[in-house]
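# Chain and residue survey
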Amino acid sequence: MQKNHDIPSLGPIPRHVVIIMDGNGRWARRKNLDRLSGHQEGIKSAKSVVRTAQEIGIEYVTLYAFSAQNWKRPGNEVLALMNLLRNYLINEGEELLAQNTRLKAIGNLSNLPHDIRELLSRVIKMTEKCDSLTITLALSYGGREEIINAVNSIMAEGKKKKVTEEDFQKYLYTSQLPEPDLLIRTGGEMRLSNFLLWQLAYAEIYVTKTLWPNFRRRHLLKAIANYRSRERRFGLTGEQIREKGS
Ligand code: FPP
């Protein structure tokens, strides 16, 4: 039977959602607060997004919590962000466990303060058997650094064979994660900011002007609804995709 292609059917829920949580500073400035207050409120958004992702059956959420370039921010802001991360790890371990949520981390973790690395390892170990949702924190993460790191690891192994895409992705920090389906960026800027440069090749991109501290359950649901209305093509034509699906 001929399908009516004028009526868009809703696509699947994304399996892996990655988020650039931007706009904490602007949120604080608009309220005449210091930048730290913006980051503090941003933690509440992160928790809300994790709970909502769990509720609607998203399997993987990756949060850009601290970039390799963020180390260049003023010393007091870096310290404050590290403190927030420390407190998050101290306070959220049990909650993640109760939600059957596994924690992972990607990035150049050796740059993090020693006690944070230990806390991180503890929560990662504690939640490693949780299998409903996987939250990955990108910490001291840079996409270019990740790619260079992969190239250097391959060269160090001294293999003479040509490297394929499949081989290459095994050397990325994300080797154990599926490809991202949806990138959400809050705060309205139209850029990738060195986030998951290799992995985002075919991801759908959703940019909202909503500042991260204001981004809560309903905003995530709106982003997911928008994603589900899209047709993902992976370089094929719309007709080819429809033939595959019929
Ligand atoms: C960008 O806002 C945000 C960051 C650099 C930090 C993001 C981190 C959090 C929200 C905390 C979440 C952490 C965990 C552990 C879940 P900005 O300061 O660049 O904002 P602006 O562009 O308005 O100045």
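This text follows the structure it describes.
Predicted model, so just to flag it, every value in this text is computed and none were measured.

## Description of the nonpolar core
Grouped together as the largest cluster of nonpolar side chains are 38 residues, with contacts concentrated most on Ile19, Leu89 and Ile184. The element contributing the most residues to this core is helix H3 (residues 75-98), with seven residues. Counting residues in hydrophobic clusters, the runner-up holds eleven residues, among them Ile20, Tyr141, Leu183 and Leu196.

## Quick notes on the environment of Glu41
Here Glu41 is to be found in helix H2 (residues 35-56). Taking relative accessible area as the criterion, Glu41 reaches 18% and is therefore assigned buried. Discounting chain neighbours no more than four positions away, the residues touching Glu41 are Trp27, Pro213 and Arg216.

## Points about the site of the ligand
Of all residues adjacent to the ligand, which total 17 residues, the nearest are Asp22, Gly25, Arg26, Arg35 and Arg73. A distance of 3.2 Å separates an oxygen atom of the ligand from a polar backbone atom of Asn24. Within the backbone of Arg26, an N or O atom sits 2.7 Å from an oxygen atom of the ligand. Coverage of the ligand by the protein chains reaches 91% of its 620 Å² of free accessible surface. For the ligand, the cavity whose grid points lie within 2 Å of the majority of its atoms is the largest pocket. Taken together, the elements giving at least two residues each to the shell around the ligand come down to helix H1 (24-30), H2 and H3. In terms of residue count, the dominant contributor to the shell around the ligand is H2 (five residues). A per-class count over the shell around the ligand returns seven nonpolar, six polar and four charged.

Thresholds, definitions, all that
Residues numbered from 1 in each chain as written. Predicted model: local features only at pLDDT ≥ 70, side-chain atom pairs only at ≥ 80, totals over all residues. Heavy atoms only, no water. Core = buried A, V, L, I, M, F, W, Y, C linked by side-chain atoms within 4.5 Å. Buried < 20%, exposed > 50% of the residue type's maximum accessible area, 1.4 Å probe, protein only. Helix = DSSP H or I, 4+ residues; strand = E, 2+ residues; numbered from the N terminus. Contact = heavy atoms within 4.5 Å. Near = heavy atom within 4 Å. Polar contact = N/O pair within 3.5 Å; in protein donor to acceptor, adjacent residues only side chain to side chain. Areas by Shrake-Rupley, 256 points an atom, 1.4 Å probe, with all protein chains shown as cover. 1 Å grid on protein atoms, 1.4 Å probe; cavity = no way out; pocket = protein on both sides within 12 Å on 5 of 7 lines; lining within 4 Å. Sits in = over half its atoms within 2 Å of the grid points. Nonpolar A, V, L, I, M, F, W, Y, C, P; charged D, E, K, R; others polar.

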